[in-house]
Every structure is written in structure tokens, then in C-alpha cells.
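Breakdown of the fold
The primary structure of each chain is shown beneath.
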Amino acid sequence: MWSCAGFVAAAGSALHPIPSHGRTLSSRVATAAAQTVLAPRLLQSGPRNHAFVFRPPTSRAQARAVGVVTYAAMEGNNTDLDPAMLQTKKVVVQRVVDAIRAAFGSEIDPNPMVTPATKEEFGDFQCNAAMGLAKSLKKKPRDVATAIVEKLDIADLCVTPPEIAGPGFINLKLTDEYVKAKMKHALQDKERLGIAKRDPAQRIIVDFSSPNIAKEMHVGHLRSTIIGDCLCRILEFLGHDVLRLNHVGDWGTQFGMLILYLREVAPEALVDGSDLDLGDLVVFYKKAKARFDEDPEFQESARKEVVKLQAGDEESLRGWKTLCNQSRIEFNRVYDILDVKLEERGESFYNPFLKQVVTDLQEKQLAVENEGAQCVFLEGFTSRDGSTQPLLVQKSDGGYMYSTTDLAAIRHRTHVEKATRVLYVTDVGQSTHFEQVFQVARRAEFYPPSVSLEHVPFGLVQGEDGKKFKTRSGDTVRLRDLLDEAVVRCKADYTRRMEEEGRAETSEYVEEVSKVVGIAAVKYADLKNNRVSNYRFSYDKMLTLTGNTAPYMLYAYARIQGIYRKGGIDITSRVTSLDLKLDKPEEMSLVRLCLRFDQILEVLETDLKPNFLCEYMYEVASKFNAFYENCSVLNAESERVMESRLAICDLTARTLALSFSLLGIKTLERL
């Protein structure tokens, strides 16, 4: 269950901690939900390692778009109870607002402080409004809560009268009949489980993966790729217009160096790269780099080659395009394995805009000359000697920096692509870089103030020893090798278990299971961890059938589907006529948890932490186990009870299937 018990706030005040009832998944999600509710009162400048740089909403539409609960924004909306809409929280919030104004006057601008409940026994929602109002009203919180409850018209939705707990928390529990109505609607809506799309939707750009041309994708690209894809899937599901951008490293000095070297040792590769794979390019790149470092004459020639490339020399451009195309072939093989879709928009795309970026910074008197280079002196950043730290945007030789490219990208993404939210999914080591770039872009007014630029940082992938994840020879682990190894290990484990069970399957089926479960294991092991933390990569742990792992969750899903199939009843076709009987606590507990999926997504929309979804799935699977152990499904005492329990199985399976889809993980109907 969920709670916002971590924080309360008086109107216009800062956050104040209050005692928590425990730090389960539900309470962590609820705390995040509470912070979302309070977001208009938070003025964050983008703390390092945090998911986002937040700006207070400047309009009702923007407030709704970023998932912030505002109260004036709901004025005039029809909040009559309509279970089919499944906007329960919105209805509860408006009823609380109405009650506060009825109790204390229409001139009050109340913060209803409605969040998911801390624990199951506290109900479905918790209202902490009394805690914030008490100070301004100069009353005891419990007296304020009592006054709110007396005016709260919520009998058609919740059990009445609501319970007042502790110093003034109002616990709200949905009636069983309302829960059944929500359940029926969710079962009727196969694709979305009744979860509404955002209106209005946002234009969101997600910048993720971003490998370098002529270099193989390595384990470091794993997190950016699968975290970015997961966030895109969630935002797309919620109805946002999402552009998935792959900001590949396809421009710079290294290309002059590589083109020059290939022209000497393998000129045919620059004309027809069909016989050249990415592995060959990596070898050539290493040799070219060694030559560059050791040979001043080669170094100077490479720089001249870069100038030719930047000037549009036909021969240089043809060689560059060949290198990009051959790299792209291998990248796409990895993306196909991971089932990830991206639109390439490399550094070279922004090259024509870089000169204007510097010119505009100069005209705004932000960029100044410093030892022959152009730089912007930053606010709040100091060098080791105590002087103001500069952000370099143009080198003394006229070359541009990554920061210049990022500034050009911000302008293009917000003015041309019309993005209202831009997410950068990169490792935590780039946090300072993005803080600095965002600051310069803001000061230069390169993007509208309504736009949110957000760095979504993640920690490192480590070996089981807690050190940097490398091969035995000390090299960086290739991503393709890592994924192939997961599939091979999964196949060996699955084959062994089939032999132990005396079961035979076709080779095609074994291959399919191995691929699905192997790739799922890699993805889930990453996504279940808090993305800002480092995590230790372990094939053995991620492939185990116990605990919160992909194999366990996939088996749980397949098991539920098997039970449902054995029931032999198509619940969907007869859901409207179902007479649901949910008398046992395990039944209602599981149903209520499944129906809270929309609230999990609301938190994910702003917090951008997929581990919340993984933990929710594990909690759903655990509650299903408790339900199945205590509530016979196929041998239920009556046909009505059996149908009700099969409906619970169907709802649970669909909840897990949708969750897997949002994580980018395929499911299997049997294992």
C-alpha cells in the first residue's frame, strides 16, 4: 500500500518531515506521490543526481501536463462519479477541496494533500490536508480533520464516515461496490486496463543510448538504452507524443584520424564498406589512435582532414558516410535484440548551427574571450583556485565543444521539434555537464521558460566484485557479447530443468524461451534497481527462479495464464454480466492493488524510476500467491465464486503483461 506519510506542508511553507509508518515499496511510491502533489511549492534548480530540473507550472494546462495536482485547474470539471473513467484520485481530490471550502470558506485555496494510503489497513487514500491547514486556521489538526469529514460528500465512493487517525490524518477506503465497478471496466479494456491517456499530451524528446561511430556498443550503453526505452514506453502509453532520439557520436577529430589512416592501409573500405564490419573498424581505430599519438606529422594531417570534412569535401564525406553506415548496421543488430526503436540524430546534424550558437552567446554578452577561446562563466561553479568556472563553447583554434552541440540541440529540440519536455538519459558522471549546459541555455534564453530540461542520470554497471565490469583480459565488455551470453546460459539452465522434469520441447521452442527469458533477465536486473545507484551484474542472480527476477516474474505470469485457461471461461465476453463475489480479504487486497496501476504510472511519469514498476509487479505477484493459496479457483464452492476468481486471475495477468510491455520485456504463455 502507499503513503505520503514522509512529508506534510503548511500552506506556503517548506516541507516538514513527519513520522513514517515504514519504507515498503508502497510507502516509497506514496512519498514520491506526495512530492508530486507538493511540486508547485518546490523551487528546484536541479540538484545533482536527481531525475529532473523542475519549474513551477505557469498555466493550468502545463500543470496537468507534468502531472502536478492543482486545484484551480479542476474548477468547472464534472467530478460526478463515473467508474468507467477510472479517475478515482481526481474525484477524491475534488471532493476534499469542496469539503474544505464548505468547512472554512470559499476564499481558502486548499491543498488537499490526497495520496495513496501508507498501509492496506489505512484504506486506499490518505488526506493530510488538516496538518497543513491547522497552522493558518490556528486550530488543532484533528479538529480541522473533523470539520472536513463533516462536510465531505463521498458516500457514493468511499466507506463513510472516513476514519480520522493520529493527529488528523483522514483515511479513505473505497467501497467494495466501487472497486468491483472499476474491476469490470478494467477487464473490458484489454489494452489499457481503463487507464486514461493524458489530456493534453506533451511533446517529449528522450535522448538515450548514444553510442559512438566506429566503436562497438559496450556494457556502459546497456543502461542508457533500456532505461531510455522503458521511459519512452511509459510516456507513450500515457498518450504523450514521444520522439526517441539517438544522439550518436558521429563527428569530431577522430573521424579525420580514421579516414586518413584507412586511406593509407585500406582505401577500398572508404569506397565500399560492405566487407568491413564494426569489429574491423574498432581495430583500425585503435591503430589510427596509436599513430595519432606518436606521429606529429600524421596528427597534423588528421586535423587537416577534419577541416576538409567540415567544409564538405566530397571524398571525405563519402568515407565518413561509409564509416557511419557500417557502424549503424551493428548498432541496429543490438537494438533488434533489445527490441528498441530509435531515430538517429547524431552530433553532425547540429554542426551547421554551432557558429550561430557562439555568435548569439556573444551578442548576449555571455560568451567572452579567454586565452583565445570563447567561454561562458558559470553561476555557482568555481574552479580549484576559487575563480569562476567557465564553460568552453569554442576552442582557440575555432573548433567547437560537446557543450556547443548540446546548446544547439536544445534550441532545435524546443523551437523546431516543439518539445515541452526533454529527457537526457546518461550516466551520473555527466550530471555536472548538463547542469552547466542547462544553465547557459536558460541564461541565453535558448528555450521557452515553459520547457523542462531534465537529466535522467544512472549509476555504473559493476562486476560481482563491485569493481568496473570488464572481461577477464581487462577489456570493456561488448554489449552484444553480454546479451549472447545471457541467452546461452538461459538455454543451458532451461534444458537442464526440462531433463530433470522429464519434459521434451521442440528445439524451436527452447530457442524462443531462451531468447525471451535471457534478454528479459538482463533488462529486468537493471530496471529493478534504483537507476541512480550502481549495480552489480550477475548472470547467476538474474537468471534464478526465486526472488524479484525476470524468470520468476515470467513464470508467475505463465502460471496465472495456465490457471485461467483451465477455467475454460472467456471472462471478457461476459464481464458486464458478472456478479462478482469478493468476500475474502486476499481477493479484495489483490484487486485493489491491481487497480492502483494508474497511480504507479503517475509517479513514474515524473520520477522516471522504472524500479517502482518492477517492485509493483513483484508485489502483485506476491499477493497473487497469497490469493491462490487461500482461495481455490478451479474448485471453488460455486460457479459464481469460480467466475469471480477467474476474473481476478485475468486482471492480474493483464496487469503483469502490461507492466512487462512497459519495461520492454516480452512474455510467454507457458514455460
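Residues numbered from 1 in each chain as written. Predicted model: local features only at pLDDT ≥ 70, side-chain atom pairs only at ≥ 80, totals over all residues. Heavy atoms only, no water.

**Section: the overall build of the protein**
Looking only at helices and strands, the protein features 22 helices and 16 strands. In the protein, which comprises 671 residues, the share counted as buried stands at 55%. The contacts of the protein with a sequence gap of at least 6 include a subset with a gap of at least 24, amounting to 73%. Element-wise, carbon and sulfur atoms account for 49% of the exposed surface of the protein, whose accessible area totals about 28800 Å². (Helix = DSSP H or I, 4+ residues; strand = E, 2+ residues; numbered from the N terminus. Buried < 20%, exposed > 50% of the residue type's maximum accessible area, 1.4 Å probe, protein only. Contact = heavy atoms within 4.5 Å. Areas by Shrake-Rupley, 256 points an atom, 1.4 Å probe, with all protein chains shown as cover.)

**Focus on the packing of aromatic side chains**
A full pass over the atoms with the stated rule returns 14 aromatic pairs. Between F349 and F353, the aromatic rings sit 6.2 Å apart at their centres with planes inclined by 75 degrees, giving edge-to-face as the arrangement. On the basis of relative accessibility, which here comes to 35%, the residue F353 falls in the partly exposed class. Ring geometry for Y424 against F434: centres 4.9 Å apart, planes inclined by 45 degrees, an arrangement best described as tilted. One end of the pair, Y424, is in strand β13 (residues 421-427); the other, F434, is in helix α14 (residues 431-443), with 10 residues separating them in the sequence. Side by side, Y424 and F434 carry an identical accessibility label, which is buried. Three or more aromatic residues link up through ring pairs in this structure, and these residues are F349, Y350 and F353. Across the ring face of F237, the terminal group of R192 is positioned such that the distance to the ring centre comes to 4.0 Å. Seen from the ring of Y509, R670 lies directly overhead, with NZ or CZ sitting 4.2 Å from the centre. (Phe/Tyr/Trp six-rings, centres within 6.5 Å; stacked < 30°, edge-to-face > 60°. Lys NZ or Arg CZ within 6 Å of the ring centre and 35° of its normal.)

**Looking at the nonpolar core**
Core analysis: the biggest nonpolar cluster contains 168 residues, and M183, L482 and F597 have the highest contact counts within it. Ranked by residues supplied to this core, first place goes to helix α22 (residues 639-663) with 13 residues. Among the domains, domain 1 (83-174) and domain 2 (253-341) are the pair contributing at least three residues each to this core. What M183 contacts, discounting residues up to four positions off in sequence, is L580, L582, V591, L595, S644, A647, I648 and L651. (Core = buried A, V, L, I, M, F, W, Y, C linked by side-chain atoms within 4.5 Å. Domains from an automatic or database assignment.)

**Regarding the pattern of salt bridges**
For the structure on display, the rule yields 50 salt bridges. As a salt-bridge pair, D293 and K289 come within 2.9 Å of each other at their nearest N and O atoms. Taken together, the positions of D293 and K289, both in helix α9 (residues 278-294) and four residues apart, correspond to about one turn of that helix. On the basis of relative accessibility, which here comes to 34%, the residue K289 falls in the partly exposed class. Because the salt bridges share partners, they merge into one network encompassing R203, D241, E343, R345 and E417. (Salt bridge = Lys/Arg side-chain N within 4 Å of Asp/Glu carboxyl O.)

**Focus on helix α5 (residues 141-151)**
One turn of the α-helix equals 3.6 residues, which is why residues spaced by three or four share an orientation. Looking only at α5, the buried set comprises V144, A145, A147, I148 and V149. Looking at the buried positions of α5, the neighbouring elements they touch are α3 (88-104), α4 (129-137), β5 (163-165) and β6 (169-172).

**Here's the deal with the sheet that holds strand β11 (residues 373-382)**
Each strand in a sheet pairs with its neighbour through backbone hydrogen bonds, running either in the same direction (parallel) or in the opposite one (antiparallel). As summarised here, the arrangement of the three strands in space is β10-β11-β12, forming an open sheet in which the pairing is antiparallel. With one partner strand each, in any of the chains shown, β10 (367-370) and β12 (388-394) form the two edges of the open sheet. Across the sheet, the mean angle separating the axes of adjacent strands is 55 degrees when strand polarity is ignored. Of the pairings in the sheet, the one linking β11 to β12 comprises five bridges and is antiparallel in character. Counterpart to T382 in the pairing with β12 is T388. Along the sheet face, α14 touches β11 and β12 and points at about 105 degrees away from the line of β11. (Pairing = 2+ DSSP bridges. Axes fitted to C-alpha atoms, helices over the stretch in contact; angles between N-to-C directions.)

**Considerations on the pairing of β13**
Where a strand is regular, its side chains alternate between the two sheet faces. Along β13, six of the seven residues are buried, which leaves the element largely enclosed by surrounding structure. For the segment spanning β13, α14 and strand β14 (residues 452-458), crossover handedness is right-handed. (Right-handed = clockwise from strand over helix to strand, strands pointing away.)

**Description of the confidence of the model for the protein**
Of the residues in the protein, 86% have a pLDDT of 70 or more, and the chain-wide mean is 86. Low pLDDT, under 50, characterises residues 36-52; the predicted model gives this stretch 55 contacts beyond four residues in sequence or across chains. The model gives residues 54-86 a pLDDT under 50, and that stretch makes 73 contacts with residues more than four places away or in other chains. (pLDDT = per-residue confidence, 0-100.)

**A word on α14**
With 13 residues, α14 extends 18 Å between its outermost C-alpha atoms, agreeing within 8% with the 18 Å of an ideal straight helix rising 1.5 Å per residue. Taken together, the buried positions of α14 are occupied by S431, F434, Q436, V437, F438, Q439, V440 and A441. Contacts made by the buried residues of α14 are with α12 (354-363), β11, β12, α13 (402-416), β13 and β14. E445 sits one or two residues past α14 and shows a positive phi near 55 degrees. (Expected span 1.5 Å × (residues − 1).)

**Quick notes on the sheet that holds strand β7 (residues 203-207)**
A sheet is described by the order of its strands in space; here five strands give the open sequence β9-β8-β7-β13-β14, paired in parallel fashion. Two strands lie at the open edges of the sheet, namely β9 (343-344) and β14, each paired on one side alone. The sheet contact formed by β13 and β14 spans seven bridges and is parallel. Bridge pairing in β14 links D427 to F458. α13 rests against β7, β8 (241-246), β13 and β14 of the sheet, and its axis sits at about 145 degrees to β13. Relative to the sheet, α14 contacts β13 and β14, its axis offset from that of β14 by approximately 175 degrees.

**Focus: the environment of E305**
Mapping E305 onto the fold places it in helix α10 (residues 296-310). Separated by 48 residues in the primary sequence, E305 and M257 have C-alpha atoms spaced 7.4 Å apart.

**Comments concerning unusual backbone geometry**
Cis geometry is adopted by the peptide bond preceding P161, which originates at T160 and carries an omega value of -10 degrees. Relative to the elements of secondary structure, P161 occurs in the loop between α5 and β5. Residue D199 is joined to P200 through a cis peptide bond whose omega torsion reads 5 degrees. Relative to the helices and strands, P200 is located in the loop between α6 (176-188) and β7.

**Digging into the environment of E615**
Tracing the backbone shows E615 in helix α21 (residues 611-630). For the pair E615 and N548, spaced 67 residues apart in the sequence, the C-alpha separation amounts to 7.9 Å.

**Let's talk about the packing of α10 against helix α11 (residues 314-338)**
Where α10 meets α11, the closest approach of the two axes is 8 Å, and the angle between their N-to-C directions is 95 degrees. Between α10 and α11, the angle falls in the class roughly perpendicular. Judged by residue contacts, E305, K308 and L309 of α10 engage S316, L317 and W320 from α11. Split by residue class, the contact of α10 with α11 holds three nonpolar, one polar and two charged. (Parallel < 35°, antiparallel > 145°, perpendicular 65-115°, else oblique. Nonpolar A, V, L, I, M, F, W, Y, C, P; charged D, E, K, R; others polar.)

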